[in-house]
Each structure stands twice: as C-alpha cells, then as structure tokens.
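Chains, contacts and geometry: an overview
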Amino acid sequence: MKEPKNTSEQLPEKKHQSLRSPPCPSCGRAAAREPSHGVWICHCGAMFRRTKEDPELAELVTGKQVREEREERLRSKPSLDPPIPAARLRVAKTSMKVLAIGALGVVFGDIGTSPLYAVQTIFSASNHIVTPNHAGVYGVISLIFWTITMIVSFKYIFYVMRASNEGEGGIMALLALIRQSVLKHPKTKIVLIAMGVIGAALFYGDGMITPAISVISAVEGVEVISPTLSSLVVPLTLIILVGLFAFQHRGTGTIGRFFGPVLALWFFVLALGGLSQIIAHPGIIAALSPSYGIQFMVSNFAVGFVALAGVVLVVTGAEALYADMGHFGSPAILRAWFLCAFPCLTLSYLGQGALILHDPKMISGTLFHLYPGWAQIPFIRSDEPTSE
C-alpha cells in the first residue's frame, strides 16, 4: 500500500519555490527584492513577474501596469464600511469652507496687504520716474495683473504645489526629499542641499521684513486722516507686531479661525473700494490686456525696469501658498485664491489705477483715498482745521 505524502513537509517547499525569483528577462540575474503582488525588482532596475503560460519564465512589466493593477484590485475589493450618510457629506463640504476661510487668514494675509503700498511705491519710486498718465497707469496695472496671474495662479497653484512631500510643502519639505533621495553623483546632492539652505535663509529673511512692511504701511493710513498722527506710526506698529507674535504660539488653527473672517472682510472692503472707481471710470478694465504692459516696457525700458522693482511687491508672501499647504491642503487654498483673494485684489488694483489716472495727487496713500471721508474715522477728521 502506497504511503500518503507528508503535506506538512511540502508546504514550506512550495512557499520557497513561489518566492524564488525566475531569471530577469533583461539581465538574466535573480531579483534583488522579494516579490510584491507577484512582481520582482532586479538589480538592474527592471520589474518582472512570472508568465501565466510557464511559471519558470518571466516577463517585463512597467510601473504604470503595476499601479493600474493595484488600483483595479482595490476597486474590486468589497468595502466593509457602511455608506456615508448625507449628514457627514454636508459636514465634509462645510469643513472645506472652513479650511478655505482659515487659509484666507493664514496663507493670504501677506499678499492681501500688498495693495496698501505696492501702487504707491511704484509711482513714488526714483523721484516719481513713472508718470501717472494714460500709458504709465495702464502699463503698471497691466504688469501688476499679469505678474499676479503668472506667478501665483500659474507658477504656484498649477505647478509648484504639485511638488509636495506627502502633502507638506515649503523649502524644508523639499530639503527632506533631497536627503531621502538616492542620486548617482554626490556632488549633485550637495549642490541641491546648498540651494535649499539658501532658500531657507531667504524664507527667514522674508519672514522678518514682510510683517514690518505690511503693518507699518497699514498704520501709515492714519496720516491720511490726520498728518499730526505721524509720530504714532512707529509705536503703534511695534505694539501690533508684538501682539501678533505673542498670539502666534497658539498655532495655525487658532490663527486661522480668528484671522480668517477678518481677512474675508478685508478682501471684501478691497473689492468694494476698487469697484467704486471702476464704475466711475470703466475704461480702466482695458488695462487687463497684456499689450499695455508690453508697450510700457518696450517704450522706455529704464522706466519699466524701475517700475518692475515695485511690481514684485504685489506677490510678496506668495510662497505661503506652498509653505502652508500641509496645514490646509491645496483644494482649500485653491478655492480661497480663485473665489476670493484673486478677484478682490484685481478689483482693488484696477480701482487704484483709475483713481491715480484721474487725480495724480492721490498717489500718496492711494488705497485709503478709494473710500469716502465718512469711512476714515470721522471723529479724527473733525479735529482738522478748516479754512474759511
């Protein structure tokens, strides 16, 4: 009588055979790693798996095939989770709105205050080298609009924010990716790390300079109301900055909840002030055409070059879109930018251009002159001397 086979001794052998790599179709050697879902990775970098016809033979596969098969397995796998109720879907939508408002307060606080000083700086630079005539105003506003569009809307939103480190953005996240990467030439890694360190240094420099510029430009608005208050600009700026940095340790979430509604109101006021001048002088809308900016640069490059030094101020803080991506996520930042910040900034700059074109005396404190006198602290204006 034939003795039964000992299956307990054969199971380890079968497992060993299934893990044994067939020869690589590319170089003929065995694989360097254990198989993952039946796919081996060879020393030469090729990926392969056993053929269905002959398990002793192998066929090459691509990374795209492996990903598609993995996604197909996940789709075909039955879900054990209960269906998401409609209430939770509404909460998810509400959460996105909350994140977008929080992003307004944290991400766009810097670029949102650029209208305070950008236009005024451009037309005041180098002893008013930029003339506030039709060509000058339309050219500057065109340069401002397309600088914001190209750098923020295209560069950051559609390109830079795709390069994330597991959802985290910023120069530090890129440095971490460089340290984890395997490069053929060590010198390349050294150069990339050096560039990252320089970028981090520039980031810290921007973090020191920009808050001071933004706050002092905002406080200088009291000079429009009453020039006698100019002596209070620096002390008030110091008090505000100390208060902001003392509050900052509470975390991004707290700051976003507090400053989100404040910045939403700020952008609304910016749009309202600019819209009032656009309605009065609708021709300024033509400045959105890039032809005015190109013509302005070509006609007098020296003046255009000086203007560009001020135009870059309109995108100060744009790097925050990438640096704070891990806090709010790219969908919330994208919604906050295209639905609120971008259109409101555009209306504000158009309104400032229309105001300067029709009254060049308004270059100093342009943003504040967009609004009527009753909106500029009436009880302080009443203290100004009147001329008979």
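The model shown is predicted, which means the values in this text are computed figures rather than measured ones. (Residues numbered from 1 in each chain as written. Predicted model: local features only at pLDDT ≥ 70, side-chain atom pairs only at ≥ 80, totals over all residues. Heavy atoms only, no water.)

**Points about the overall build of the protein chain**
A count of helical and extended segments in the protein chain gives 16 helices and three strands. In the protein chain, buried positions account for 34% of the 388 residues. In the structure as shown, the protein chain presents an accessible area of about 23,800 Å², 65% of it carried by carbon and sulfur atoms. (Helix = DSSP H or I, 4+ residues; strand = E, 2+ residues; numbered from the N terminus. Buried < 20%, exposed > 50% of the residue type's maximum accessible area, 1.4 Å probe, protein only. Areas by Shrake-Rupley, 256 points an atom, 1.4 Å probe, with all protein chains shown as cover.)

**A word on the packing of aromatic side chains**
Summed over the entire model, instances satisfying the criterion amount to nine aromatic pairs. Measuring from centroid to centroid gives 5.7 Å for F108 and W337, while their planes differ by 20°, and the two rings are stacked. On the criterion of sequence distance, the pair formed by F108 in the loop between α3 (86-106) and α4 (118-128) and W337 in helix α15 (residues 330-358) is long-range, its members being 229 residues apart. Residue F108 is classed as buried on the basis of its relative accessible area of 0%. We classify W337 as buried; its relative accessible area is 0%. (Phe/Tyr/Trp six-rings, centres within 6.5 Å; stacked < 30°, edge-to-face > 60°.)

**Quick notes on the side chain of S153**
Checked against the element boundaries, S153 lands in helix α5 (residues 134-158). Residue S153 is classed as buried on the basis of its relative accessible area, which comes to 3%. A polar side-chain atom of S153 sits 3.0 Å from a polar atom in the side chain of W337. If near-sequence neighbours (up to four positions away) are discounted, S153 is found in contact with I148, F158, W337, F338 and F342. (Polar contact = N/O pair within 3.5 Å; in protein donor to acceptor, adjacent residues only side chain to side chain. Contact = heavy atoms within 4.5 Å.)

**Comments concerning the sheet that holds strand β2 (residues 47-50)**
Read from one edge to the other, the open sheet built from three strands follows the order β1-β2-β3, with strand pairing classed as antiparallel. Since the sheet does not close on itself, it has two edges, and those belong to β1 (40-41) and β3 (58-61), each with one partner. Relative to β3, β2 is paired through four bridges, and the arrangement is antiparallel. Within β3, the residue paired with R49 across the bridge is E59. (Pairing = 2+ DSSP bridges.)

**Brief notes about helix α7 (residues 186-219)**
Taking 1.5 Å per residue, 34 residues should reach 50 Å; α7 reaches 50 Å between its end C-alpha atoms and fits that length. Every buried residue belonging to α7 is among G196, A200, G205, T210, S214, V215, S217 and V219, and all of these are buried. (Expected span 1.5 Å × (residues − 1).)

**A look at the nonpolar core**
With 65 residues, the main nonpolar core has F108, I144, F267 and W337 as its most contacted residues. Per element, the largest residue contribution to this core is 14 residues, and it comes from α15. Ignoring sequence-local partners within four residues, the contact set of W337 consists of F108, I111, I148, V152, S153, I157, F342, P343 and L345. Membership of the second largest hydrophobic core comes to six residues, among which are W40, C42, A46 and F48. (Core = buried A, V, L, I, M, F, W, Y, C linked by side-chain atoms within 4.5 Å.)

**What to know about the state of the cysteines**
Tallied over the full model, the rule gives zero disulfides. You can see C340 has no disulfide; the closest cysteine sulfur is in C344, sitting 4.4 Å from it. Residue classification places C340 among the buried residues on the basis of a relative accessible area of 16%. (Disulfide = S-S within 2.5 Å.)

**Quick word on the pairing of β2**
Direction of pairing for β1 relative to β2: antiparallel, over a ladder of two bridges. Looking across to β2, one finds that W40 is bridged to F48.

**Some words on a nonpolar patch on the surface**
Nonpolar side chains collect at one region of the surface, where W146, M150, F154, F158 and L334 lie side by side and expose about 470 Å² of accessible area between them. The biggest single contributor to the nonpolar patch is α5, with four residues. The topology assignment puts F158 in helix α5. (Patch = residues over 30% accessible without salt bridge, like charges linked within 9 Å, V, L, I, M, F, W, Y side chains within 5 Å. Salt bridge = Lys/Arg side-chain N within 4 Å of Asp/Glu carboxyl O.)

**Quick look at the side chain of D110**
You can see D110 is positioned in the loop between α3 and α4. With no salt bridge to any partner, buried D110 finds its closest opposite charge in K155, at an N-O distance of 14 Å. Discounting chain neighbours no more than four positions away, the residues touching D110 are D206, T210, S214, T316 and G317. (Lys, Arg positive; Asp, Glu negative; His and termini not counted.)

**Here we look at the environment of K361**
One can find K361 in the loop between α15 and α16 (378-381). Distance in space between the C-alpha atoms of K361 and P132 is 9.6 Å, their sequence separation being 229 residues.

**Structural notes on the confidence of the model for the protein chain**
Taken as a whole, the protein chain shows an average pLDDT of 78; of its residues, 80% reach a score of 70 or greater. In the predicted structure, residues 4-17 sits below a pLDDT of 50 and forms two contacts with residues beyond four places in sequence or in another chain. In the predicted structure, residues 87-91 sits below a pLDDT of 50 and forms one contact with residues beyond four places in sequence or in another chain. (pLDDT = per-residue confidence, 0-100.)

**Looking at the packing of α7 against helix α9 (residues 233-247)**
At a minimum axis separation of 9 Å, α7 and α9 run at an interaxial angle of 130°. In terms of axis orientation, α7 runs oblique to α9. Where α7 crosses over α9, the handedness of that crossing is right-handed. Between α7 and α9, the contacting residues are P211, A212, V215, I216 and V219 on the first element and V233, L236, T237, I240, L241, L244 and F245 on the second. Broken down by class, the residue content of the contact of α7 with α9 amounts to eleven nonpolar, one polar and no charged. (Axes fitted to C-alpha atoms, helices over the stretch in contact; angles between N-to-C directions. Parallel < 35°, antiparallel > 145°, perpendicular 65-115°, else oblique. Left-handed = near helix turned anticlockwise from the far one by under 90°. Nonpolar A, V, L, I, M, F, W, Y, C, P; charged D, E, K, R; others polar.)

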